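Structural overview
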Amino acid sequence: MFRCAKPDCSKPLYRMNNETGETILNGRVAHIHPRRRGGPRWKDEMTAEDNRSADNLLLLCEEHAFEIDDT
Ligand SMILES: [Zn+2]
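Residues numbered from 1 in each chain as written. Predicted model: local features only at pLDDT ≥ 70, side-chain atom pairs only at ≥ 80, totals over all residues. Heavy atoms only, no water.

Naming follows an unreviewed UniProt entry, where the protein appears as HNH endonuclease of Lentzea albidocapillata.

Below you can see the structure in the form of structure tokens.
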């Protein structure tokens with residue numbers, strides 16, 4: 001089971017719909033350094049390749065993914 005990468009959260013990233021038994025994604029991939037120039041924590045020297053690498057990505061629950069990408 002994947003969990004939110006924020007240490008004090010650890011919310012599961014999938015949840016089960018009790019009626020249908022389907023698994024629903026409850027999280028998304030956030031960027032530590034943003035994709036767009038001028039975003040939060042933008043690094044001028046970072047290449048597009050580094051930006052897409054696993055080192056720059058965090059799997060977080062919905063709530064924290066938006067927090068990381070927007071602030
Ligand atoms: Zn979280």
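**A word on the overall build of the protein**
A tally of regular secondary structure across the protein gives two helices and four strands. Rg of the C-alpha trace for the protein: 14 Å, well past the compact-globule value of 11 Å for 71 residues, more than 25% over. Oriented by its inertia axes, the alpha-carbon framework of the protein measures out at about 50 × 20 × 20 Å. Each of the 71 residues in the protein was classed as buried or not, and the buried ones make up 24%. Of the roughly 5300 Å² that the protein leaves accessible, carbon and sulfur atoms contribute 51%. Averaging the locations of the 11 positively and 13 negatively charged side chains of the protein gives two centres separated by 1 Å. (Helix = DSSP H or I, 4+ residues; strand = E, 2+ residues; numbered from the N terminus. Rg over C-alpha atoms; globule rule 2.2 N^0.38 Å. Buried < 20%, exposed > 50% of the residue type's maximum accessible area, 1.4 Å probe, protein only. Areas by Shrake-Rupley, 256 points an atom, 1.4 Å probe, with all protein chains shown as cover. Lys, Arg positive; Asp, Glu negative; His and termini not counted. Charge placed at Lys NZ, Arg CZ, Asp CG, Glu CD.)

**So, the side chain of His64**
Mapped onto the elements of the fold, His64 is located in helix H2 (residues 62-70). Ignoring sequence-local partners within four residues, the contact set of His64 consists of Cys4, Lys6 and Cys9. (Contact = heavy atoms within 4.5 Å.)

**Here's the deal with the environment of Thr23**
Structurally, Thr23 is set in strand E2 (residues 23-25). The spatial distance from the C-alpha of Thr23 to the C-alpha of Phe66 is 21 Å, given a sequence separation of 43 residues. Setting aside chain neighbours within four positions, we find Thr23 in contact with Tyr14 and Arg15.

**Description of the packing of aromatic side chains**
Tallied over the entire structure, the rule returns zero aromatic pairs. Positioned over the ring face of Phe66 is Arg28, at 4.0 Å from the centre of the ring. (Phe/Tyr/Trp six-rings, centres within 6.5 Å; stacked < 30°, edge-to-face > 60°. Lys NZ or Arg CZ within 6 Å of the ring centre and 35° of its normal.)

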